Amino acid sequence: MKELIKGNEALAEAAIIAGCRHYFGYPITPQNEITAYMAKRMPEVGGVFVQAESEVASINMVFGAAAAGVRVMTTTSSPGFSLMQEGVSYLAAAHLPCVLANIMRGGPGLGNIAGSQGDYFQAVKGGGHGDYRLIVLTPAYVQEMIDFTILAFDLADKYLIPVLILTDGIVGQMVEPAEFPKDYKPNFYDKSWALTGAKGRPKNVVRTLWLDDYGVENNNIKLQQKYARIKAEFVMYEEFMTEDAEVILVAYGTPARICKAITKKLRNEGYKVGTFRLQSAFPFPEYRLMELALEKHVKGFLVVEMSAGQMVEDVRLSVRDYKPVNFYGRMGGVLPEERKIIEYTLDMLKGKVEVN
Amino acid sequence: MATVDIKKFQVNLNPTWCPGCGDYGLLRGLQTALAKLDLDPSEIVIVSGIGCSSNLPHFIKAYGYHSLHGRALPTAQGVKMVNPRLTVIAAGGDGDGYGIGVGHLVHACRRNIDITYIVMDNQIYGLTTGQTSPTSDVGSKTKTSPDGNYEYPLNPILLAISSGATFVARTFSGEPEHMADIIVKAIQHKGFALIDDISPCVTYNKKNTYQWFKERVYKLEDIGHDPYDINQAIQRATEWEDKIPIGIFYINPDKPSYDQLDPVIREGGMFAKPEITEDEKKEILNQFL
C-alpha cells in the first residue's frame, strides 16, 4: 500500500530494507531527515548509527565498515560530499561496496540549502583524485528514492564499487505517495575478501597502495575493466513520448519532472515533444541518445538542468554533431522556468538551431 | 562599569538568531570589549566558520570573513600571518570548533599564534535544527540521540590547556559585562586565547537553559583562583554539572607566540616593508613600457 513519505526518509528506510545496518552521518541541510531517521530507526532493527564528527570521519567509517564486509551507507549534501572526496577515491580504488547519497544544494562554496544540480561533474567525472568512477543513480520521485537505494546496495555488492544516489534537495524534501517492497530479500554476495579475522585462512589486506612498478597500473586496469563491464551491462533511463518527438527535452531529477509536465502540455496543443529522463548518470545512456539523434523525426535536444550546464556535455558527447543540442539552466538553487523551456522548445520546433 | 560607546561596531542588520539566543549576549559583549580597547573597526578582522553563531561577522562592524565549516582557525591564522598588526578574532560554535574543526584547534593552541578564538557553545547543532554536538551532555535528547546521548562530551578548557593555549577562559552570555572584561584581556594577551562562551540555544537545547546555568555558574575570581597555576586551572576545568566556573582558567605569559618567533611575521609581515619611493615606483612602471 502506498503511503505519504518524504524523499529523504524513504531513502533511509529503503537502505534498511536493503540490509544496511551501519550508517554514519553528519548534520547538513537538506538531508538532515536521513540522519535523524537513522538515529531512531537503526537501534530498532539492530543496526548501528553514529553521528560522526565530520564528513571526513563519516566516509572513513564507511571505508572501515565496507572493508569489514557489511552493507553500509553515508549521506550528505554538496559541501559535505566535497569533503568526502578523498575517501571516495580510496573506496573506489580499494574495490569496496558502499552506498553514498548526495542530496544536492546550491553551490559553489557554502551556497544555500535550496535544491540544485551543480555537483554532476563531481559525481560523474570523479570528484576525487585518480581514474575512478562511481555508479551514479538519479532518482526524481520518492518512489525512486526507495527503488534506487535498494538497487544501489545490490549494484555495489555485485560490482564492488561505491554507488552514489545523486538527487536534488527538492526530491529529498518532497512528500508524495510511495510504496516499500514487501518481500525484498537482500541477495547474497560472496565477500571472502572482507576483513573478518584471518583465523584458519590467509589474511586479507584491503589497500590502494602498491610499491612495485606496475601494481597501481594493474589496479587501474582492473578498475577500467570493471567500468567497461558495468557500461555493457547496466544503464537506466525513462523515455516519455519520444517515439515521434521532434524535440526531446533531456533532464534528470526535479527538472525532468518539469520537462515531463511540459511535454504533456505541449502534446495537448499538438506539438511533438518528448522527454528523455536519466535514471543513471554513470553509466550514461549514450547509445540510446545516439539512436534517437539518428531518428529522422528528431530535430534536436534541449537539455534542462539546475546548473550552468554540466550533464549537457555528456549529451553533446553522445549525439556528437548529428543534431543540435541546446541548453537551458538556472543556478544556485533556482528552478528552471516553465515558460522559458516552452519558449526554447517552440523555437526548436520551428527549426531554430540555436536557442537561449 | 563605565559606559562605552559601541555604536561604531554596530551595523544596520538584524541578526538571524532566534529571540533569546545566547549569541546576542556574545555580540554585545564583543562590541563592548572592542570599544573598551579603543580599537577602530578597520583594525579588526573577524573570521567565522559555519553555523548559527558563525553568522557573527555579518552583524558587527569590522572586517569579516565567513569561512568554511570548521575552518575558522586556519583562515584566521592565514589573515594574521599576512598582517600581524590586525586584531584577528575567530568565532564559531561548538559543532564548528570542537567537532569538525577540533584538529585545527589543537594545532592553533600548540602554535600559540596571537588570535582570540571565541566559541559560542550551546551544546547542540542549531542551524541544522538540533543534533548532538561534541559538548552535548550525556543523556541529552536530540534529533540524532532520540534515546539520550551516550557519548561523553569533550572538555574544551582542558583540551586547550593541554594543547598549549596560553589564555583559556569561559564566559556566559547571561553575564555580558563580565564577558566583555574577559574578551578585553584575551585580545590584549599575546598568544592564542580560547574563550568558551556559554551561549544557550533557546530553541533546540531544552536542558542547558539560561536558568540551568544561572543556578550553577560562579566566578573564578570570586574564589581566589590563580590562573597562573596550571594545576589549579586543570582542577577547575573539570567542574561541570553541579557548579560551573566562568572567568579566566589559565594564563601562561612566558611562552612566546608564533608571531614573535617567525622571522618575517616578527618584523610585521609583508606590510611592514617601508613604502616604496617615487623613484622605485617609476622604475617598476618602466618595466611595463
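Residues numbered from 1 in each chain as written. Chains lettered and ligands numbered in written order. Predicted model: local features only at pLDDT ≥ 70, side-chain atom pairs only at ≥ 80, totals over all residues. Heavy atoms only, no water.

1. Some words on the interface of chain B and chain A
Many authors give the size of an interface as the accessible area that is lost as the parts come together.
Argument step 1. Listed by partner, the interface residues are 15 residues for chain B and 17 residues for chain A.
Argument step 2. In this assembly, chain B packs against chain A so that about 1200 Å² is buried in total across both faces, 60% of it on carbon and sulfur atoms.
Argument step 3. The largest contributions to the chain B side of the interface with chain A come from Ile100(B), Thr128(B) and Thr144(B), which together make up 35% of the buried area.
Argument step 4. There are six residue pairs in polar contact (both at pLDDT 80 or more) connecting chain B and chain A. (Contact = heavy atoms within 4.5 Å. Buried area = accessible area lost by both parts, 1.4 Å probe. Polar contact = N/O pair within 3.5 Å; in protein donor to acceptor, adjacent residues only side chain to side chain.)

2. Looking at unusual backbone geometry
Argument step 1. Geometrically, the link from Thr29(A) to Pro30(A) is a cis peptide bond, its omega value of 5° lying close to zero.
Argument step 2. With respect to the helices, strands and loops of the structure, Pro30(A) is situated in the loop between β2 (22-25) and α2 (32-44).
Argument step 3. Even without a glycine there, the phi angle at Leu160(A) is positive, about 55°.
Argument step 4. Note on placement: Leu160(A) falls in the loop between α6 (142-159) and β7 (162-168).
Argument step 5. Accessibility expressed as a relative area gives 23% for Leu160(A), which makes it partly exposed.
Argument step 6. Its identity is not glycine, yet Gln123(B) carries a phi of approximately 60°, on the positive side. (Helix = DSSP H or I, 4+ residues; strand = E, 2+ residues; numbered from the N terminus. Buried < 20%, exposed > 50% of the residue type's maximum accessible area, 1.4 Å probe, protein only.)

3. Some remarks on the pairing of strand β13 (residues 300-305) of chain A
Residues and elements named next belong to chain A.
Argument step 1. The element β13 is extensively covered by neighbouring structure, given that six of its six residues are classed as buried.
Argument step 2. The alternating pattern of β13 places Gly300, Leu302 and Val304 on one face and Phe301, Val303 and Glu305 on the opposite face, and all of these are buried.
Argument step 3. Summarising the sheet, strand β10 (residues 247-251) and β13 pair through four bridges and their orientation is parallel. Counted as the bridge partner of valine 250 is valine 303 from β13.
Argument step 4. Pairing of β13 with strand β14 (residues 325-329), which is carried by five bridges, proceeds in the parallel orientation. Residue pairing across strands places valine 304 opposite tyrosine 328, the latter belonging to β14. (Pairing = 2+ DSSP bridges.)

4. Considering the sheet that holds strand β12 (residues 280-282) of chain A
Each strand in a sheet pairs with its neighbour through backbone hydrogen bonds, running either in the same direction (parallel) or in the opposite one (antiparallel).
Residues and elements named next belong to chain A.
Argument step 1. With mixed pairing, the seven strands of this open sheet are ordered in space as β3-β2-β4-β5-β7-β6-β12. In the strand order of this sheet, the two ends are held by β3 (48-51) and β12, each with one partner. Mean inter-strand twist for the sheet, computed between neighbouring axes without regard to direction, equals 20°.
Argument step 2. As judged from the four bridges shared by strand β4 (residues 72-76) and strand β5 (residues 98-104), these two strands associate in the parallel manner. Among the inter-strand pairings, threonine 74 is bridged to a residue of β5, identified as leucine 100.
Argument step 3. The strands touched by helix α3 (residues 55-67) are β2, β3, β4 and β5; relative to β4, the strand with the most contacts, the crossing angle is about 165°. (Axes fitted to C-alpha atoms, helices over the stretch in contact; angles between N-to-C directions.)

5. Notes on the packing of helix α10 (residues 286-294) of chain A against helix α11 (residues 311-319) of chain A
Helix-helix packing is characterised by the crossing angle of the two axes and by the distance between the axes.
All names here are of chain A.
Argument step 1. With their axes 8 Å apart at the nearest point, α10 and α11 run at an angle of 60° to one another. Here α11 runs oblique to α10, going by the angle between their axes. Between α10 and α11 the crossing geometry is right-handed. Residues Glu286, Leu289, Met290 and Ala293 of α10 pack against Val315, Ser318 and Val319 of α11.
Argument step 2. Here the contact of α10 with α11 is built from residues that sort into five nonpolar, one polar and one charged. (Parallel < 35°, antiparallel > 145°, perpendicular 65-115°, else oblique. Left-handed = near helix turned anticlockwise from the far one by under 90°. Nonpolar A, V, L, I, M, F, W, Y, C, P; charged D, E, K, R; others polar.)

6. Some thoughts on the domain arrangement of chain A
Residues and elements named next belong to chain A.
Argument step 1. For chain A, the domain assignment lists domain 1 (3-233) and domain 2 (239-349).
Argument step 2. Summarising the inter-unit geometry, the C-alpha centres of domain 1 and domain 2 are found 28 Å apart.
Argument step 3. Of the residues lining the interface, 34 residues belong to domain 1; the matching set on domain 2 comes to 26 residues.
Argument step 4. Interface area for domain 1 against domain 2, summed over the two sides, is near 2500 Å², with a carbon-plus-sulfur share of 53%.
Argument step 5. Interface area lost by domain 1 to domain 2 is led by Gln117, Tyr120 and Thr138, which between them contribute 28%.
Argument step 6. Linking domain 1 with domain 2 are four salt bridges, by the criterion used here.
Argument step 7. As a salt-bridge pair, lysine 231 and glutamate 286 come within 3.8 Å of each other at their nearest N and O atoms.
Argument step 8. In this structure, the connection of domain 1 to domain 2 is made through 19 residue pairs in polar contact (both at pLDDT 80 or more). (Domains from an automatic or database assignment. Salt bridge = Lys/Arg side-chain N within 4 Å of Asp/Glu carboxyl O.)

7. A short note on the layout of surface pockets
Argument step 1. In this structure, the second largest pocket spans a volume of roughly 440 Å³.
Argument step 2. Going through the elements one at a time, α2 and β3 of chain A together with α3 (94-100) of chain B are the ones with two or more residues in the lining of the second largest pocket.
Argument step 3. Of the residues forming the lining of the second largest pocket, the biggest block, three residues, is contributed by β3(A).
Argument step 4. Grouping the amino acids of the lining of the second largest pocket by side-chain chemistry returns 15 nonpolar, nine polar and three charged. (1 Å grid on protein atoms, 1.4 Å probe; cavity = no way out; pocket = protein on both sides within 12 Å on 5 of 7 lines; lining within 4 Å. Points joined across faces, edges and corners; volume = space filled by probe spheres on them.)

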